[in-house]
Amino acid sequence: MGPFQRYPPSPRFGIGPLQIDLERGTVSGQDGTGGLTLRAEHLLLLLARYPNLLVTREQILETVWAGRVVEDAAITNCIWQIRKAIGERGKDILQTRAKRGYLLVIADSDWIIDAAPASDAAAATIGDVSPANPATATDATAFKDSQIDAAASAAVPNDLAAADAVMHAAPAPTSTRNSPWPMLVLVALLAIEIVGAALAWRFIHAPPDRILLRPDVEMSMTILAPDRLDWLRTAVLRDTIETAYLRGGAVVLFQKAQTRRPFAGPHLQVRVTRAANSEIDAELTLGQGRKVVREDFRGTGNALAESVQALLTRTLGAPSRQSTPGMDALVSGWVAEQQFDHPRAIEEFRRAIAREPALKDAKIALASALLEQGQGKAALALVNTLLAEPRLRADQRCALDAMLADMSPERLQAKPCARAARIARLGKHELRELLRDIAASQAPKGAQAWLHDETAAILAHIRLDEMDLAEARIVRAQQIADEAGWEHARIELRTLHATVAIHNGQSERGSRLQMESADALEALGDVSGALRERVIALRTMPVVPGPEIAMRRTALRAIVDRARAIGSIRAEIDALYLLARLDRGQPDVWRGELARILELLEQAYPPEQQTRDLHLVLNEMQVQHRYGEVLDGVARIERSGATQTQAQLWNLTLRAESHFARDELDQAVVAVDAMARENFELSDTNPCLFAWLFAEARQPQRARELIRVCRSRQYDRAAQASRADSSLLAEARLYQLDQEPARVWPTLAPRIDALIKTPDLTLREAESLALLARHATGVPGANTAQLQRARDIVEAIAKRDGAGLELRTGAHLLRWRLCAVAAGPAECGPVLPPWALEDRFERRLAVEAAGR
């Protein structure tokens, strides 16, 4: 897209019956939907982002159709839909500029400006932090105000407003002589003052308002104390969790002081201000909305937890449950979870069930903890058992549905709760519907519900290739988490910056962000989360064959050992997969690592959850040039009934790539066509490689479309070698098909030269150099000396630790082609090495090049 000046005074505006929300990326009408097809909605949102500015046809194709060439009728149909949805003024609002593009005319009156009413403005001056108005900032000192101070100050603005209303209601007399109005006004003001004073007195002497807990809206808390008082933090946390649970609520622990309360639940803050000898001073603050209760504490550390419990008991009311031995163990498990000690949490939940087999909350907690650790099979068994039990509470059923949506969404019953429905929509790639659901949920949310929704919305934007919207939402969500003091959530959201970077072809930046997030999670004590992020960072980092491989193996083996120690099967599988990538040149070690992955999958994952990892194993087999086994594996996955949207995409991608390597071009094209029929975006797969496939399959128009898609993004060094270089081969092949062979070498030579001059080539760069150089061998004008230099570099790297069979195959093919051009094929031995006999596509092209 070209550069535009963005000026809108608001992220929302209305045209006809439609409302467009640029912040959320949604279009809605009077019935809740815009009534547009997905393409038309995408087009309207594109035009809306640049109001009163011309958007060209090329820009529309580039953004809405991902660079594909389509008939004019496709754009015209979308324009017709939008104008019809707008109504009578459709053509005036959405204007055509002949042979140029379209312009969406937005008048100043169309923008929806959210102006706070006067009452809200008054409330803001006294520290209104109602969850219904999360944008209202609260000064940090509001947490030090007592309920008495807040109530007394709240009465004053209301009384002044009432007096002002009385004064303005009276018409101004033409003469004050003998007029009763001045006296009446004075009497009214005096009466208002008396009433205000009485109300303030009542507030001062009234007991604190009760704060009600709900099972779906957690109470958040922060405990600010020196590190040496860890025992005290645990005691306060335990008593708070127990007190809340006995009253039907749950607790989520934040890590920093709050400056704003953005969530619907109450927030408890315990700040130790002084600790000397056996005595401490502390401030206790409990707030929800405008209700703020503050107490000072001075005494021993052991007495602080009792004081917190007493404050909660007075404010939250009587318990709705009675404590039991099973509940005691359940609370211990939740304390361990908040401290990121997942193995101890699982142990405590099992102890709770042993003490009280009928305690459903303990079984739900155990299932959730098992799922978090990667033990999906045991978790699913518990979930299925619990769903069959009678008298489940709404919050219990929602928790079970959410886990089911994560593990096996096809088993969800009709009308699951909102959280479960959104998890299922994300898994099924119903991304627009998901964004509409989240945008429509205007009710104040608890902390966990908010985090789930924000994460789902960000992932939806990423998968829709709306990176600007994803980044904006991440920044805004991080700010909310930071102001709330929820440091762990802020770091989790930060990892999504890395996801955006990777999708934008910035692999190195993504890897760095991921590693920084891992360090931050480890500092908070979340070892499991840190291991997850380290594995993702290492997966993204480029591999450089040589001494560095040994160090990386050591790091990955340490992650495997640590994952086993904390029972994280997910982290162990992911680390083993990366180890297998490093050990591709050692077949026995490689097979052992894959066998361990398959063993863990069978042991811990239900069939529905195994699909992703089975695809990773098949990808490893593909890199080992075992394409027949890959196709057999894909067929087994399809026969198993794996219907998840992502599984279908992976199956088709593996099919296309394997058939391509085996020179079965028709079948490869069939697989890519199936992606289009299923409405998959090829930009989410491997468009650069598929551009080359269509060039070889003599479909130049489709090849050129995918070349444009491939080049529409900016790739960093790592992504250029792993993805974008294939598009150069597609372009070179098109020149050969167009009878322009003299243009092949100028297309490939600059990249070959750049790779030759790059010091310390990564594995993917060395593989790309071998690929480009061998396909440039023998073309008109090719520089033989330069290609021989490329061969020497590739062969040297292929002998190093961690090079793998892919590079060894590339080095062999490059050597064979150079030999065949110089001395003839008969002098050069077999075209393919013994481990890559299925690479029939490479063999055919090598023989054709040698025969020229």
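Right, let's walk through the structure included here.

What counts, and where the lines are drawn
- Residues numbered from 1 in each chain as written.
- Predicted model: local features only at pLDDT ≥ 70, side-chain atom pairs only at ≥ 80, totals over all residues.
- Heavy atoms only, no water.
- Pairing = 2+ DSSP bridges.
- Helix = DSSP H or I, 4+ residues; strand = E, 2+ residues; numbered from the N terminus.
- Axes fitted to C-alpha atoms, helices over the stretch in contact; angles between N-to-C directions.
- Disulfide = S-S within 2.5 Å.
- Buried < 20%, exposed > 50% of the residue type's maximum accessible area, 1.4 Å probe, protein only.
- Expected span 1.5 Å × (residues − 1).
- Phe/Tyr/Trp six-rings, centres within 6.5 Å; stacked < 30°, edge-to-face > 60°.
- Lys NZ or Arg CZ within 6 Å of the ring centre and 35° of its normal.
- Core = buried A, V, L, I, M, F, W, Y, C linked by side-chain atoms within 4.5 Å.
- Contact = heavy atoms within 4.5 Å.
- Salt bridge = Lys/Arg side-chain N within 4 Å of Asp/Glu carboxyl O.

### Details of the sheet that holds strand E2 (residues 18-21)
On the basis of which strands lie adjacent, the open sheet formed by three strands has the order E1-E2-E3 and antiparallel pairing. Edge strands, defined here as strands with exactly one partner in the open sheet, are strand E1 (12-15) and strand E3 (26-28). In this sheet, neighbouring strand axes are inclined to one another by 20 degrees on average, regardless of whether the strands run parallel or antiparallel. Judged from the three bridges that link them, E2 and E3 form a sheet pairing that is antiparallel. When the bridges of E3 are listed, Gln-19 appears paired with Ser-28.

### Concerning the sheet that holds strand E11 (residues 291-300)
The five strands are arranged E8-E7-E9-E10-E11 in an open sheet whose pairing can be described as mixed. The open sheet has two edge strands, strand E8 (251-254) and E11, and neither has a second partner. Ignoring which end each strand starts from, the neighbouring axes of this sheet average 20 degrees apart. Here strand E7 (residues 219-224) runs beside strand E9 (residues 267-276); their pairing, made up of five bridges, is parallel. What sits directly across from Ser-220, in E9, is His-267.

### With respect to the state of the cysteines
Counted under the stated rule, the structure contains three disulfides. A sulfur-sulfur distance of 2.0 Å marks the disulfide that ties Cys-819 to Cys-828. In this structure, the disulfide formed by Cys-819 and Cys-828 twists by about -90 degrees around the S-S bond and is classed as left-handed. With a relative accessible area of 25%, Cys-819 lands in the partly exposed category. Given the relative accessible area of 16%, Cys-828 is considered buried.

### Points about helix H10 (residues 325-338)
Between its terminal C-alpha atoms H10 stretches 20 Å, which fits the 20 Å expected from 14 residues at 1.5 Å a residue. Of all 14 residues that make up H10, ten are buried, and the element is covered over most of its length. Buried within H10 we find Gly-326, Met-327, Ala-329, Leu-330, Val-331, Ser-332, Gly-333, Val-335, Ala-336 and Gln-338. Following H10 by one or two positions, Phe-340 has its phi on the positive side, about 65 degrees.

### Describing the packing of aromatic side chains
The geometry of an aromatic ring pair is captured by two quantities: the separation of the ring centres and the angle between the planes. Inspection of the entire model under this criterion finds nine aromatic pairs. Residues Phe-254 and Phe-263 carry aromatic rings whose centres are separated by 6.2 Å and whose planes lie at 75 degrees to one another, so their mutual orientation is edge-to-face. Of the two residues, Phe-254 and Phe-263, neither departs from the other in class, the shared state being buried. A ring pair is formed by Phe-254 and Trp-486, whose centres lie 5.0 Å apart and whose planes are at 20 degrees; its orientation type is stacked. In this pair, Phe-254 sits in strand E8 while Trp-486 sits in the loop between helix H18 (467-484) and helix H19 (487-503), placing the two residues 232 residues apart along the sequence. Each member of the pair Phe-254 and Trp-486 is classed as buried. An aromatic cluster of at least three residues, connected via ring pairs, comprises Phe-254, Phe-263, Trp-450 and Trp-486. Note that Arg-808 overlies the ring of Trp-835, its terminal NZ or CZ placed 4.4 Å from the centroid.

### Quick look at the nonpolar core
Among the nonpolar cores identified, the biggest contains 93 residues, and Leu-748, Ile-752 and Leu-769 are the most heavily contacted of them. Non-local contacts of Ile-752, meaning those with residues more than four positions away in its chain, are made with Trp-745, Leu-769, Leu-772, Ala-773, Ala-776 and Leu-787. Residues Leu-359, Ala-362, Ala-367 and Leu-382 belong to the second largest nonpolar core, which totals 35 residues.

### Looking at unusual backbone geometry
What is expected of a backbone is that most residues other than glycine have negative phi and most peptide bonds are trans. Even without being a glycine, Asp-465 presents a positive backbone phi close to 65 degrees. Secondary-structure assignment places Asp-465 in the loop between helix H17 (447-463) and H18. One non-glycine residue, Asp-760, adopts positive backbone phi at about 50 degrees. Checked against the element boundaries, Asp-760 lands in the loop between helix H32 (744-757) and helix H33 (763-776).

### Structural notes on the pattern of salt bridges
A side chain of one charge can pair with a side chain of the opposite charge if their charged atoms are brought near each other. Going through the model one piece at a time under the given rule, you end up with 66 salt bridges. A salt bridge links Glu-572 to Arg-596, with the nearest nitrogen and oxygen atoms 3.1 Å apart. One end of the pair, Glu-572, is in helix H23 (residues 569-582); the other, Arg-596, is in helix H24 (residues 587-604), and 24 residues separate them in sequence. When its relative accessible area of 3% is taken as the criterion, Glu-572 is described as buried. A salt bridge links Asp-792 to Arg-791, with the nearest nitrogen and oxygen atoms 3.4 Å apart. On the accessibility criterion, Arg-791 (22% relative accessible area) is partly exposed. Taken together, the shared-partner salt bridges in this structure form one network comprising Arg-539, Arg-570, Asp-574, Arg-612 and Asp-613.

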